[in-house]
Amino acid sequence: QVQLVESGGGLVQPGGSLRLSCAASGIIFRLYAVGWYRQAPGKQRELVANIVSGGSTNYEDSVKGRFTISRDNTKNALYLQMNSLKPEDTAVYYCNVRKIVSETLYDYWGQGTQVTVSS
C-alpha cells in the first residue's frame, strides 16, 4: 500500500516561513516524479513545485524565488521550504507521486496539510 503523510502546516503571519514534509511508504520516491500541489477554497488544485526525471525542478510562477522543493532519497521524504509567505499562499498543500506504467498515468496523494497566512 502506498501511503504519503504530510506535516508542517500551520498559521503564520505574512512574511513568515514554514517547512512542509512528506513521508512515504510503499513507494520509492527517487524512481518517480514527485511534487507539491495546493488547493484554496473555491479554486482548482494547482501545481506548486515538482521534481522530474534527472532532478530538474519546476515552480508555479507566483512562488518562484520564495519556495524551494527538495527530497532526501535515504529517508524517502519530500520537503517544501516556504519563505516570504503571502495571504494568497493560504491553501491545503498535498504531497504527490506520479508514475507512468504502460502509457497509463497513476497519481498518489497524501491527506493534505493546512497552511494559513494571516495577520
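Keep in mind the model is a prediction, meaning the values are calculated, not measured.

**Student:** Give me the lowdown on the state of the cysteines, citing residues and values where you can.
**Tutor:** Under the counting rule described, the total for this entry stands at one disulfide. Across a sulfur-sulfur distance of 2.1 Å, Cys22 and Cys95 are joined as a disulfide pair. Torsion about the S-S bond of the Cys22 and Cys95 cystine: about -80 degrees, corresponding to left-handed handedness. Remark: Cys95 occurs in strand β9 (residues 91-101) and Cys22 occurs in strand β3 (residues 18-25); sequence separation between them is 73 residues. Judged by relative accessible area, which is 1%, Cys22 ranks as buried.

**Student:** Let's hear about the nonpolar core: which residues, and what values?
**Tutor:** Judged by nonpolar contacts, the single largest core of 27 residues is most densely connected at Phe29, Trp36, Phe67, Leu78, Leu80, Met82 and Tyr93. For this core, the elements supplying multiple residues, two or more each, are β3, β4 (33-39), β5 (46-51), β7 (67-72), β8 (77-82), β9 and β11 (113-117). Among all residues touching Tyr93, those that are not within four sequence positions of it are Glu6, Leu20, Trp36, Tyr37, Arg38, Val48, Phe67, Leu80, Met82, Gly112, Thr113 and Val115.

**Student:** Requested: an account of the sheet that holds strand β1 (residues 3-7), with residues and values cited.
**Tutor:** The sheet built from four strands is open, its strands ordered β1-β3-β8-β7 with antiparallel pairing. Edge positions in the open sheet fall to β1 and β7, since each of these has one partner strand only. Here the strands of the sheet are splayed against their neighbours by 15 degrees on average, with no regard to which way each runs. In this sheet, β8 lies alongside β3 in antiparallel orientation, the contact comprising six bridges. Along β8, the bridge assignment pairs Arg19 with Gln81.

Thresholds, definitions, all that
- Residues numbered from 1 in each chain as written.
- Predicted model: local features only at pLDDT ≥ 70, side-chain atom pairs only at ≥ 80, totals over all residues.
- Heavy atoms only, no water.
- Disulfide = S-S within 2.5 Å.
- Helix = DSSP H or I, 4+ residues; strand = E, 2+ residues; numbered from the N terminus.
- Buried < 20%, exposed > 50% of the residue type's maximum accessible area, 1.4 Å probe, protein only.
- Core = buried A, V, L, I, M, F, W, Y, C linked by side-chain atoms within 4.5 Å.
- Contact = heavy atoms within 4.5 Å.
- Pairing = 2+ DSSP bridges.
- Axes fitted to C-alpha atoms, helices over the stretch in contact; angles between N-to-C directions.

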